[in-house]
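# An overview of the molecular structure
What follows is the residue order along each chain.
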Amino acid sequence: MKKIVLCIYLLFPALVGLTQPRPLNSSEIYLGLQRLGTLGNAMYIAAHPDDENTLLITWLSKEKKVRTAYYAMTRGDGGQNLIGPEQDEYVGLLRTHELLEARKIDGGEQYFSRAVDFGFSKSTDEALLLWGKEKILEDLVYRIRKFRPDVMINRFPPDARAGHGHHSASAVLSKEAFDAAGDPKRFPEQLKEVEVWQPKRLVWNTFGSGFTNTIPEGSSYVEIPLGEFNPILGEAYTEIAARARSKHRSQGFGSAPTRSERSDYLVHVKGEPAEKDIFDGIDLSWRRVDGGQKIALLLEQVIQQYDFRKPSASVPDLVKIYGFIASLPESVYKYEKLDECRELIFACAGIYLEVNAASNSISPGQTLKLFSAAVNRSDLPVELKELKISGAVTKDTLVATRLTNNRNTEMVFDVTIPADAEITQPYWLKESKEVGKYRVSDEKFRNQPMAPDALWAEYTVSILGEPIVYRHPVKYKYTEPSRGEIYKYVEIRPEIMLNFEQNVFIFTGGQSKTVGVVAKNNLASNKATVSLKLPAGWTCSPASVDVEFSEKDQEKPVYFTVTPGKSTPEAVIGAVAVNARGTYNHAWKHIAYEHIPELNVFPKAAAKAINLDVKIAGKKVGYIMGAGDEVAQSLMQIGYEVTFLDENSIKGDLSRLDAIIIGVRAYNTKDWLTNSQKLLLEYVKNGGNLLVQYQTQAYYGRIKTNELGPYPMTIGRGRVTEEDAAVRFVNPADPVLNYPNRITARDFEGWVQERGLYFAQEWSDKYTTVLAMKDQGETEQEGSLLYTHYGKGNFVFTGLSLFRQLPAGVPGAYRLIANLISVKK
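Keep in mind that this is a model prediction, so the values were computed, not measured.

Conventions used here
Residues numbered from 1 in each chain as written. Predicted model: local features only at pLDDT ≥ 70, side-chain atom pairs only at ≥ 80, totals over all residues. Heavy atoms only, no water. Helix = DSSP H or I, 4+ residues; strand = E, 2+ residues; numbered from the N terminus. Rg over C-alpha atoms; globule rule 2.2 N^0.38 Å. Contact = heavy atoms within 4.5 Å. Areas by Shrake-Rupley, 256 points an atom, 1.4 Å probe, with all protein chains shown as cover. Lys, Arg positive; Asp, Glu negative; His and termini not counted. Charge placed at Lys NZ, Arg CZ, Asp CG, Glu CD. Pairing = 2+ DSSP bridges. Axes fitted to C-alpha atoms, helices over the stretch in contact; angles between N-to-C directions. Parallel < 35°, antiparallel > 145°, perpendicular 65-115°, else oblique. Left-handed = near helix turned anticlockwise from the far one by under 90°. Nonpolar A, V, L, I, M, F, W, Y, C, P; charged D, E, K, R; others polar. Salt bridge = Lys/Arg side-chain N within 4 Å of Asp/Glu carboxyl O. Buried < 20%, exposed > 50% of the residue type's maximum accessible area, 1.4 Å probe, protein only. Expected span 1.5 Å × (residues − 1). Phe/Tyr/Trp six-rings, centres within 6.5 Å; stacked < 30°, edge-to-face > 60°. Lys NZ or Arg CZ within 6 Å of the ring centre and 35° of its normal. Polar contact = N/O pair within 3.5 Å; in protein donor to acceptor, adjacent residues only side chain to side chain.

### Observations concerning the overall build of the protein chain
Looking only at helices and strands, the protein chain has 16 helices and 44 strands in total. Here the C-alpha radius of gyration of the protein chain, 29 Å, is about what a compact globule of 825 residues would show, namely 28 Å. Taken along its principal axes, the extent of the C-alpha atoms in the protein chain is 85 × 75 × 55 Å. If you take every contact in the protein chain between residues at least 6 apart in sequence, the share linking residues at least 24 apart comes to 75%. Only carbon and sulfur atoms are counted for the fraction: they give 49% of the accessible area of the protein chain, which is about 33,400 Å². Considering the protein chain, the positive charge centre built from 99 side chains and the negative charge centre built from 101 side chains are found 2 Å apart.

As structure tokens, this is what we get:
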């Protein structure tokens, strides 16, 4: 008999799941059988993680039972992070996995373009210009041709109603891609691997003010009843969607389920208008495939005879259906349905196959122990014929073992990682990004959430005499007593990694400074010589340091005294380790949250060094941490003694502090801070300086922003998104601009992503404004920085994005915040 290889071997969507799929229960199997009989695809399109309508995706996947994808233009790299310090590409990686976790719940698949989220954009034209419209359009057209959606659904309209330039740009691109995907003259080089495809229709998932749903006026639309209760699943689609939505924790989108009627409206944009159903005029049955009729007939019999108490009785007919599908001509549905059918066979028979590693990390050339577990929880004849491992050097493992009912068949064996194996890395982070988009050197990963795992297990099993090949990624798993079983990616790491103790080192007045590097080992034992790579004119002592390791994961700090060059105000310092096997110059970045898999990234080992002229007045600063906040560490770099304040220590003696700083969105995330407002204002009245960084009017904060300061002020949504926007000094002689550092236009050079956000909108005339700025074509705003004297001290509010500029090593940001801390009393 021929071997039938599953679509999991060929399609990337199956590569991204971290854990062994949870076995389907009887109800889910029943719905899976219905889904097996549905042949149709839908693609939802928007700009960022959390833009997607998880309710509509849930309804499409679980009610209409069509294959459903969410295509996000970006990974959300420019967004803030409510739960941790990750910014830029690292928050993009975090949000990528939040999307993947959401898709596990709502049943969708996840894809991306290579566009970078460069922060809030006020116009469609800006977004398309910075992204490079043609390349991002090409990405979308490729995925349409590959995925072949019958229906495309936009989250946003192509105009100002979208509220964000990225939002409206996603709609503009979708509308153009709808036609381009079916035109062989557009991106003809793609036709070597995909065919042209013309979707039936493009619609807009309309919304009113505040994303409320109202009946569209004067439009051709279809109403979708999304609040339906699914008695087989035992919950409404609104309940499922809320769980999916709540995976967007970094953006503060935890959602409560609703249990009532709810309708969305899909407004016609292009193609053939629908009259009553979004899939009007589209055959969603096996009739759309040559040779599919016999599959439909046999599947209908399986559904009618399905026994919830004994799903294994359906396996013989499902095996026949599997064979019928495998014999079909090539089509977009063939491998998708093979995958679904195999999952149903395994679920009905209670078959569980898994290979796990003894460690979650290994280095090239090293040996890794693997553990195989195979279980058949039925009386069906199931035989394990063969097990192979790809991505490592090993002989084929022939097992030829019959799997008896409910007995775990285990094997233990070793594999060797090739000496030239690539380090595990998100494929879009392997190279430095261009303006507006990531470089994707390997186009086979185009649109994918992640590259395939490093190691794969390939089982060949015989079920009722039919050989079926099942592939899945090898993972590491362990049991954490407070959480239970946890899975991790198996990563190929450098054998030595080097982390600078700071991302930015500030050298004040040309003075020497100690630079620390932490070397981490990934072998059982190791040794190497660590040194720094410095620009011309910079020196360090010692020139190198020898390190020796006696165990895996051991970390050792090494220190160098670095003296900056007089002619180089800014530089990049690199770190390198050398031993007999090679040269190592990668760092490691660890991202760990309970709602996503543990992630590790291995960028180049480098830190920014700034030879900066900065003065400070007063050294003792109290700091209340905000969301995604690294400002305090930056302050320590220029000589401040920082004391972190919490709900208990803030009740102590604050008079010892020269200033207190409140981190970004701290009022939105710390309930106790609202109750401490009187203490903070009393501190100011008695002679302290209080600096409040940007806060929002978001629903998850409890303080009224007109109570932030001693006098009335309100925070709006004003922002300046052009990081190089001109800055006018309202009063150049203002002490804030002159003490202890004289601030000039040069201090606003080199800023990243934006000038600031959530500016003050209205304020009492007791406040003094300092700066005025605007994006092109807009009215000048003065709410980015204001202060007032109160009692013996000062209150300062700023919406300037210092939380981005300081960790990015922008020199002027250090000089400016030193002045804000030191406002004269």
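### Let's talk about the sheet that holds strand 11 (residues 351-357)
Pairing within the open sheet is mixed, and its five strands lie in the order 16-13-11-19-20. Either end of the sheet is taken by a strand with one partner, and the two such strands are strand 16 (409-416) and strand 20 (484-489). For this sheet the average axis-to-axis angle between neighbouring strands, irrespective of direction, equals 40°. Two elements, strand 13 (residues 367-376) and strand 16, share eight bridges in a ladder whose sense is antiparallel. Bridged to Ala374 within strand 16 is Thr409.

### Quick word on the packing of helix 1 (residues 26-36) against helix 10 (residues 332-349)
Where helix 1 contacts helix 10, the axes come no closer than 10 Å and their chain directions differ by 155°. In terms of orientation, helix 1 and helix 10 fall into the roughly antiparallel class. Crossing handedness for the pair helix 1 and helix 10: left-handed. In this structure, helix 1 contributes Ile29, Gly32, Leu33, Arg35 and Leu36 to the contact, and helix 10 contributes Lys337, Glu340, Cys341, Leu344, Ala347 and Cys348. Partitioned by chemical class, the residues of the contact of helix 1 with helix 10 number seven nonpolar, one polar and three charged.

### Examining the pattern of salt bridges
Within this structure, the stated rule accounts for 52 salt bridges. Note that Glu109 is salt-bridged to Arg67, the shortest N-O span being 2.6 Å. Note that Glu109 is positioned in strand 4 (residues 109-112) and Arg67 in strand 3 (residues 67-72), a separation of 42 residues in sequence. A relative accessible area of 6% means that Arg67 is categorised as buried.

### As for the sheet that holds strand 24 (residues 513-521)
Spatial ordering of the open sheet is given by 22-24-28-26, a layout of four strands whose pairing is antiparallel. Each end of this open sheet is capped by a strand with a single partner; those strands are strand 22 (496-500) and strand 26 (539-541). Neighbour to neighbour, the strand axes of the sheet diverge by 35° on average, direction disregarded. Sheet topology note: the strand 22/strand 24 ladder contains five bridges and is antiparallel. Looking at the pairing, Ile496 lines up with Asn521 of strand 24.

### Topic: helix 6 (residues 165-180)
With 16 residues, helix 6 extends 22 Å between its outermost C-alpha atoms, agreeing within 8% with the 22 Å of an ideal straight helix rising 1.5 Å per residue. Within helix 6, 12 of the 16 residues are buried, leaving the element largely enclosed by the surrounding structure. For helix 6, the set of buried residues is Gly165, His166, His167, Ser168, Ala169, Ser170, Ala171, Leu173, Ser174, Ala177, Phe178 and Ala180. Turning to helix 6, the residues buried within the fold contact strand 2 (41-46), helix 4 (124-131), helix 5 (133-147), strand 5 (151-154), strand 6 (201-205) and strand 10 (263-271).

### Here's the deal with the packing of aromatic side chains
In this description, a pair of aromatic rings is defined by centroid distance and the angle of the planes. Taken as a whole, this structure holds 22 aromatic pairs when the rule is applied. Joined through ring pairs, the aromatic side chains of Tyr711, Tyr767, Tyr790 and Phe795 make up one cluster. One Lys or Arg, Arg342, reaches over the ring of Phe346 and ends 5.4 Å from the middle of that ring. Above the plane of the ring of Tyr142 lies Arg446, whose end atom (NZ or CZ) is 4.6 Å from the centre.

### A word on the packing of helix 8 (residues 293-305) against helix 9 (residues 315-326)
One can describe the packing of helix 8 onto helix 9 by two numbers: an axis separation of 10 Å at closest approach and a directional angle of 165°. Of the possible angle classes, the one that applies to helix 8 and helix 9 is roughly antiparallel. Handedness of the crossing formed by helix 8 with helix 9: left-handed. The segment helix 8 lies against helix 9, with Lys294, Ile295, Leu298, Leu299, Gln301 and Val302 engaging Asp317, Lys320, Ile321, Phe324 and Ile325. Residue composition of the contact of helix 8 with helix 9, by class: seven nonpolar, one polar and three charged.

### A closer look at helix 10
Over its 18 residues, helix 10 runs 27 Å from end to end, which matches the ideal 26 Å to within 8%, given 1.5 Å per residue. A large share of helix 10 lies buried, amounting to 15 of its 18 residues. Gly350 sits one or two residues past helix 10 and shows a positive phi near 70°.

### Looking at unusual backbone geometry
Residue Ser541 is joined to Pro542 through a cis peptide bond whose omega torsion reads -5°. Within the secondary structure layout, Pro542 lies in the loop between strand 26 and strand 27 (544-549). The peptide bond linking Tyr739 to Pro740 adopts the cis configuration, its omega dihedral lying at -5°. Here Pro740 shows up in the loop between strand 39 (727-729) and strand 40 (760-763). The residue Arg148 is not glycine, and still its phi comes out positive at about 60°. Examined against the element boundaries, Arg148 turns out to sit in the loop between helix 5 and strand 5. In this structure, Gln753 is a non-glycine residue whose phi angle is positive, near 65°. Structurally, Gln753 can be placed in the loop between strand 39 and strand 40.

### A look at the side chain of Asp339
Structurally, Asp339 can be placed in helix 10. According to the relative accessible area criterion, Asp339 is buried, its value standing at 18%. Only 3.0 Å separates the side chain of Asp339 from the side chain of Arg342, close enough to count as a polar contact.

### Re the environment of His48
Structurally, His48 is set in the loop between strand 2 and helix 2 (54-62). Each C-alpha atom of the pair His48 and Gly365 lies 39 Å from the other, and the pair is 317 residues apart in sequence. In this structure His48 touches Tyr70, Ala72, Thr74, Arg95, Asp117, His164, His166 and His167, once residues within four positions along its chain are discounted. Of the polar contacts made by the side chain of His48, one reaches the side chain of His166; its length is 2.9 Å.

Note that all results are geometric; they support no functional claim without further evidence.
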